[in-house]
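Structure assessment
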Amino acid sequence: MGLYLLDYGAGNVQSLANTLKKLGHEFQWISSPADFHKATSLIFPGVGAFGSAIDGLISRGLYEPLREYIASGKPYFGICIGMQVLFRSSLESPSSTGLGIIPSDIGVFTNVDKSVPHMGWNSVEFLDPAETAHEGLDPSASYYFVHSFRAAYEWERPEVAQWAHSTTQYGQEVFLATVRKGNVFACQFHPEKSGQAGLRVLDAWLRSSEAERATSLPTPRVARHPKPKDGFTKRIIACMDVRSNDDGDLVVTKGDQYDVRERTGTDGVQAQAAGAVRNLGKPVALAARYYEEGADELCLMNITSFRHSPLLDQPMLAVVRAAAETVYVPLTIGGGIKDTVDPDGTPHSALEVAGLYFRAGADKVSIATEAVFAVEKMRTRPSADGLGEGDGTSAIETIAQAYGRQAVVVSVDPRRVYVDPATYDGPYKDELVFGKPDGPEKERGKAWWYQCTVRGGREDRPLSVVQLVKGVEKLGAGEILLNSIDRDGTGLGYDLDLVALVRRSVRIPVVASSGAGRKEHFVEVFEKTGVEAALAAGIFHRREVGIDEVKEALAAANINVRTA
């Protein structure tokens, strides 16, 4: 008897388990249909695509027992997909039938006025502010959302509106952030990834009596129209490049234009020979530090191949597991997310590799080189839009199909290719960026396009950055992590021309990376390009700029950031 967690076999459920352990709550996993009869409270931490969740429940014989459990009146807490399965259906997977407990359907966000997925931190608004049972929610706090599909707040339909507990606005769309009625409470955001604010939501539900959890009254129905501005915040992301040093220890390092080795000579003269790998700290300790300092998201980039390690023994899996035990914000893992073969010849698909990282505690996976090759391949198959067609086998497509678009990040490593602006008539003429008369002297009178690279910038490919980002968006990527080889490690600021070019080219979120040297650079990139997030590494590692300083500067510039 007691608290049970339902895992249908996909996504990062380990983070919720870590959160409950931190809060001091004991639980067991649902391992068979019979366990539903033992459960006196149930949490469904659904992560992934709607269709995958329904298929997973059916294949494990859990679909009808779940429906019967909820009908029995025992407390239920659904998270993300665990909320959406309560509805009749979803446009994400039209052929899949939801539980139908809430008589409405899940729709999709429009990307006309905003990027989709809705990925980041946003506020909630209660429908009845006078009510005292707020389930630990705080309207002044921000919570982490990551989804392309949403349940609209249909206040004019009493049978649906009676389930509504709080709403969130993204762009000009108002949707359900939480639902609550009787024994059911569910949220669209991820409390286990929403820092201390999210932990308070889980703890409040679990510390109430089971009788209280099972007897929530409907919320009064009120109209709610979009406000001029939503509560969506800009994200500040701390990135850690992880590799083994010359002694075999895993360390966080940072390169200058992708070179991570020290280059020091005598009397201040730069040496030609590469020195030791820069060691800026241990990855798990740094991740914990950045979480405490207020980072909205963390990236762990594996830049060592570990070719001689079997998949299950990959050192980065251990790093992710350890980091997920102390970090309660989103965690992205990059490097090695591809089809691979163990030393003994055992093959593993990119989907299988990603699945292991998700179950270790990662929320998103980042794909780089393999994404370039996938777009080159799709461009060989003509399509009406000129982008080409995927064949369903790429890492982007297979992972997005199983876990949802929001789980797939594509990391892009472009560099400038200078051309003569007076004579260039090549294939990238519509993408040319022209140096400004008042810009840096070396750029004046020049033009350039951005060429994609692979293998950490070591190999150029015949593909422009615009071709790549448009291609991966079509294949199913949910976010672009935009690096710049030219700006990496320079401290000169983000390449605003590059960032603005990519932001205009896609309708999925974009993360600006490479070049931040001062807090003002973060303000600049948000104000001048409209990107959703900005990432930095070296300046945070070396404590040259604090995350709190960045957020204070953004708030002073009237840019919305998470503070609670």
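Since this is a predicted model, take the numbers as computed values, not measurements.

Further remarks concern the overall build of the protein chain. Of the regular secondary structure elements, the protein chain holds 18 helices and 28 strands. Since a compact globule built from 564 residues should have a radius of gyration of about 24 Å, the 24 Å found for the protein chain is in line with a globular shape. Overall, the C-alpha framework of the protein chain stretches about 75 × 55 × 50 Å when taken along its three principal axes. Within the span of the protein chain, comprising 564 residues, buried residues form 60% of the whole. Partitioning the intrachain contacts of the protein chain with sequence separation of at least 6 by distance along the chain shows that 73% fall at a separation of at least 24. Accessible surface, the protein chain as shown: approximately 22100 Å² in total, 50% of it carbon and sulfur.

What follows concerns the pattern of salt bridges. Taken as a whole and assessed by the stated rule, the structure comprises 38 salt bridges. Among the ionic pairs, glutamate 293 bridges to arginine 543, the shortest N-O distance being 3.5 Å. With glutamate 293 in helix H9 (residues 283–293) and arginine 543 in the loop between helix H17 (538–541) and helix H18 (547–556), this pair connects stretches of sequence that are 250 residues apart. Using a relative accessible area of 29% as the deciding quantity, one classes glutamate 293 as partly exposed. The class for arginine 543 is exposed, based on a relative accessible area of 56%.

Viewed as axis vectors pointing N to C, helix H14 (residues 465–475) and helix H15 (residues 496–505) meet at an angle of 35°, and their least axial separation amounts to 10 Å. In the packing of H14 onto H15, the handedness of the crossing is right-handed. On H15, the residues that touch Val465, Val466, Val469, Lys470 and Glu473 of H14 are Leu498, Leu501, Val502 and Ser505. Tallied by class, the residues present in the contact of H14 with H15 amount to six nonpolar, one polar and two charged.

Below, the discussion takes up the packing of aromatic side chains. All told, the structure shown has 19 aromatic pairs when counted by the stated rule. Relative to tryptophan 205, the ring of phenylalanine 77 has its centre 5.2 Å away and its plane inclined at 75°; by these criteria the two rings are edge-to-face. With phenylalanine 77 in strand S4 (residues 76–80) and tryptophan 205 in helix H7 (residues 195–207), this residue pair connects regions lying 128 residues apart in the sequence. A residue is classified by how much of its surface remains accessible, and phenylalanine 77, at 0% relative accessible area, is buried. Judged by relative accessible area, tryptophan 205 falls into the buried class, the value being 2%. The aromatic ring of tryptophan 121 is capped on one face by arginine 562, whose charged end is 4.0 Å from the ring centroid.

Attention now moves to the pairing of strand S16 (residues 297–302). The side chains of a regular strand alternate between both faces of the sheet. Burial within S16 is extensive, with six of its six residues counted as buried. Every second residue of S16 is oriented toward a common face, with Glu297, Cys299 and Met301 on one face and Leu298, Leu300 and Asn302 on the other, all of them buried. Sheet analysis places S16 next to strand S17 (residues 331–334), joined by four bridges and oriented parallel. Pairing of leucine 300 across the sheet is with isoleucine 333, part of S17.

By the criterion of burial, strand S7 (residues 118–122) is predominantly enclosed, with five of the five residues buried. Where S7 meets strand S9 (residues 143–147), five bridges bridge the pair, whose relative direction is antiparallel. Directly across from asparagine 122, in S9, lies its bridge partner tyrosine 143.

This brings us to the sheet that holds strand S3 (residues 39–46). Taken in spatial order, the eight strands line up as S2-S1-S3-S4-S13-S12-S11-S8 in an open sheet, and their pairing is mixed. At either end of the open sheet lies a strand with only one pairing partner, and these are strand S2 (28–29) and strand S8 (125–126). Sheet topology places strand S1 (residues 2–5) next to S2; two bridges connect them, and they run parallel. Considered in S2, the bridge of leucine 5 is made with tryptophan 29.

A word on the side chain of histidine 541. One can find histidine 541 in helix H17. Exposure remark for histidine 541: the relative accessible area of 7% places this residue in the buried category. Side-chain polar atoms of histidine 541 contact the side chain of tyrosine 290, separated by 2.6 Å.

Cut-offs applied
Numbers given to residues run from 1 along each chain, matching the order in which its sequence is written. The predicted origin of the model limits local features to residues at a pLDDT of at least 70 and limits the giving and counting of side-chain atom pairs to 80 or more, whereas totals for whole chains, interfaces and linings rest on all residues. The side-chain figures draw on all heavy atoms in the structure; neither hydrogens nor water molecules are used. Secondary structure elements are defined from DSSP: runs of H or I of at least 4 residues count as helices, runs of E of at least 2 residues count as strands, and each element is numbered from the N terminus. Note on method: radius of gyration uses C-alpha positions; expected globular size equals 2.2 Å times residues raised to 0.38. When a residue's accessible area, from a 1.4 Å probe over protein chains only, is under 20% of the maximum for its type it is buried; when over 50% it is exposed; and in between it is partly exposed. Two residues form a contact once any of their heavy atoms are found within 4.5 Å. The Shrake-Rupley method, run with a 1.4 Å probe sphere, supplies the accessible areas, and residue values consider only the shown protein chains as cover. Salt bridges are defined as contacts in which a side-chain nitrogen from Lys or Arg sits within 4 Å of a carboxyl oxygen from Asp or Glu. Axis definition: a line fitted to C-alpha atoms, limited for helices to the stretch in contact. Angles are taken between N-to-C directions and run from 0 to 180 degrees. A clockwise turn of the near helix away from the far one marks a right-handed crossing, whereas an anticlockwise turn of less than a right angle marks a left-handed crossing. Gly is put with the polar residues, along with every residue not named as nonpolar or charged; the nonpolar set is Ala, Val, Leu, Ile, Met, Phe, Trp, Tyr, Cys and Pro, and the charged set is Asp, Glu, Lys and Arg. Aromatic pairs are defined between Phe, Tyr and Trp rings, using the six-membered ring for Trp, whenever the two ring centres lie within 6.5 Å; interplanar angles under 30 degrees are classed as stacked, those over 60 as edge-to-face, and all others as tilted. For a Lys NZ or an Arg CZ to count as sitting over a ring, it must be within 6 Å of the ring centre and within 35 degrees of the ring normal. Note on pairing: two strands pair once DSSP finds at least 2 bridges between them. Polar contact criterion, stated in full: a pair of N or O atoms within 3.5 Å, where within protein one must be able to donate a hydrogen and the other to accept it, and residues adjacent in sequence count only if both atoms are side-chain atoms.

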